[in-house]
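As a plain string of letters, each chain reads:
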Amino acid sequence: MTAARPSRCGRPGRSAGEGVKVTAAAPVRTGRRADPGAWFLVLPALVPILLLSVGPLLYGLALAFTDAQSGRTEPTRWVGLRGFQDLLHDRLFWESFRIGLVWAAGVTVPQFLLGLGLALLLSQNLRLRWLARSLAIIPWAMPEVVVGIMWRLVYHPDAGVLGETLSGLGLAGDTDWLSGLATALPAVVVVGIWAGMPQTTVVLLAGLQNTPHELHEAAALDGAGAWRRFRAVTWPAIRPVALSVSALNLIWNFNSFALVYVLTNGGPGGRTRLPMLFAYEEAFRYGQFGYAAAMGCVMVAVISVLLAVYLAGRLREGDA
């Protein structure tokens, strides 16, 4: 037999597993126990959301399955999906839905294009740039009711600024823009673009300011023109911001109510009756609370689909 091989420290070697004490590693606790007192810090922000958003949403969802009406002496009954079935055959509702889509697209697309152009202009090193930026956000700071009243005066057929200007140019200045069947919706769309463009401009301007200036200088040194620099440098940098603000604008514009209500109240002949206005009339003019709640649920479902498509696109971009 051969002697055991001495170890480096001068001791005889041992076979594997002989006299070796193996101890299990202690589990590592990665999470911390939640502090119950932290909920009290969240309550001031959570309670208003529950009371003013989640609560009415759940109540409206439950109301959509009833025949609730105003002024009736009989108790409210549970009717299931009858309200939604009536909506499928309601031509006026689907017409308002079509008008809402036309309104949302007609406002959102020009809002983005004009806001992007204004943001590019305000990002340049111009004189009195601070004043131009301050003036650009004035429509955003004005309440929608004030904007609607102001533009009603602008569109007034007898003493409106628009009519006086057109008359001075030798054109027809006595057009009743908000009462004409062919001009009411385009006139309201113009107001929607004017009122919402500052918000888009501010968001896009923030994205432009985060674009590294060195990239533009390098592209210019390589001989790239303004359009090529925009395509290769500016647009890739602001594309996530542009998609976000466009998606949010589309949802907000589809849910518009106050501006169109002040301008036309849905007229003339329902040409500007958006879905929110139609649901408002059914609830508070005709007293059909259950039917109006069913309309609200349909619109919430449409908005949820739009949000899901937007979020899926953002997640797909993040995984790419």
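Residues numbered from 1 in each chain as written. Predicted model: local features only at pLDDT ≥ 70, side-chain atom pairs only at ≥ 80, totals over all residues. Heavy atoms only, no water.

### As for the side chain of Thr264
Rules: Each helix is a run of DSSP H or I of at least 4 residues and each strand a run of E of at least 2, with the numbering of both proceeding from the N terminus. Any residue under 20% of the maximum accessible area for its type is buried, any over 50% is exposed, and the rest in between are partly exposed; the area is computed with a 1.4 Å probe on protein chains only. Note on contacts: a residue pair qualifies if any of its non-hydrogen atoms lie within 4.5 Å across the two residues.
As for its position among the elements, Thr264 is in the loop between α11 (258-263) and α12 (275-284). Residue classification places Thr264 among the buried residues on the basis of a relative accessible area of 13%. Setting aside residues no more than four positions away along its own chain, Thr264 makes contact with Arg152, Leu178, Val188 and Thr272.

### Considerations on α12
The buried fraction of α12 amounts to seven of the ten residues, a majority that puts the element mostly inside the structure. Turning to α12, its buried residues number three or more, namely Pro275, Leu277, Phe278, Ala279, Glu281, Glu282 and Ala283.

### As for the side chain of Gln199
Mapping Gln199 onto the fold places it in helix α8 (residues 184-209). By relative accessible area, which is 17% here, Gln199 ends up buried. Gln199 has contacts with Trp140, Asn249 and Trp252, leaving out every residue within four places of it along the chain.

### A closer look at the confidence of the model for the protein
Spelled out, the test is: Per residue, pLDDT measures the predictor's confidence, with a range of 0 to 100.
Looking at the protein, pLDDT values average 83 and 87% of them are 70 or higher. In this model, residues 1-28 is a region of pLDDT below 50 whose contacts with residues beyond four sequence positions or in other chains number ten contacts.

### Examining the packing of aromatic side chains
Cut-off, in case you're wondering: Note on aromatic pairs: the rings of Phe, Tyr and Trp (six-membered ring only in Trp) are paired at centre separations within 6.5 Å, and the planes decide the class, stacked below 30 degrees, edge-to-face beyond 60, tilted for the rest.
Scanning the entire structure with this criterion turns up 17 aromatic pairs. Plain terms: the ring middles of Phe65 and Phe84 are 5.4 Å apart, the flat faces sit at 50° to each other, and that makes the pair tilted. Of the two residues, Phe65 sits in the loop between α1 (38-63) and α2 (82-88) while Phe84 sits in helix α2, which places them 19 residues apart along the sequence. Three or more aromatic residues link up through ring pairs in this structure, and these residues are Phe93, Trp94, Phe97, Phe254 and Phe278.

### Here's the deal with the nonpolar core
Definition in use: Nonpolar cores were defined as sets of buried Ala, Val, Leu, Ile, Met, Phe, Trp, Tyr and Cys residues, with membership established by side-chain atoms within 4.5 Å.
Leu87, Phe93, Trp103, Val191, Leu263 and Met295 are the most contacted members of the largest nonpolar core, which has 38 residues in total. Those elements giving two or more residues to this core turn out to be α3 (91-122), α6 (144-154), α8, α10 (226-254), α11, α12 and α13 (289-319). For this core, the element with the most residues is α13, which contributes eight residues. Non-local contacts of Met295, meaning those with residues more than four positions away in its chain, are made with Leu87, Asp90, Phe93, Phe278, Ala279 and Glu282. By size, the runner-up hydrophobic cluster in this structure holds twelve residues, among which are Ala119, Phe230, Ile238 and Val245.

### What about the pattern of salt bridges?
Applicable threshold: The term salt bridge refers to a side-chain nitrogen of Lys or Arg lying within 4 Å of a carboxyl oxygen of Asp or Glu.
For the coordinates displayed, the defined rule picks out four salt bridges. Between Asp67 and Arg77 there is a salt bridge whose closest N-O contact spans 3.1 Å. Linking Asp67 in the loop between α1 and α2 with Arg77 in the loop between α1 and α2, this pair joins segments that are ten residues apart in sequence. Taken together, the shared-partner salt bridges connect Arg273, Glu281 and Arg285 into one network.

### Focus on α6
Worth spelling out the cut-off: By construction, the arc corresponds to the directions joining the helix axis to the C-beta atoms.
Those residues of α6 that sit buried are Val147, Gly148 and Trp151. Seen end-on, α6 carries its buried residues on one side only, within an arc spanning 100°. In the core, the buried residues of α6 are packed alongside α5 (138-141), α8 and α11.

### Quick notes on a nonpolar patch on the surface
As a reminder, the rule being used: What makes a patch is a set of residues exposed beyond 30% relative accessible area and free of salt bridges, joined within 9 Å when like-charged and within 5 Å when nonpolar (Val, Leu, Ile, Met, Phe, Trp, Tyr). Note on areas: Shrake-Rupley, 1.4 Å probe, and residue coverage restricted to the protein chains presented here.
A cluster of nonpolar residues, Phe40, Leu43, Val47, Leu51 and Leu52, forms a patch on the protein surface that exposes about 530 Å² of accessible area. Among the structural elements, Val47 can be located in helix α1. Among the residues examined, Val47 registers a relative accessible area of 36% and is labelled partly exposed.

### So, unusual backbone geometry
Geometrically, the link from Gly267 to Pro268 is a cis peptide bond, its omega value of -5° lying close to zero. When you line up the elements, Pro268 lands in the loop between α11 and α12. One non-glycine residue with positive phi stands out, namely Asn265, at about 55°. Relative to the elements of secondary structure, Asn265 occurs in the loop between α11 and α12. Residue Asn265 is classed as partly exposed on the basis of its relative accessible area of 32%.

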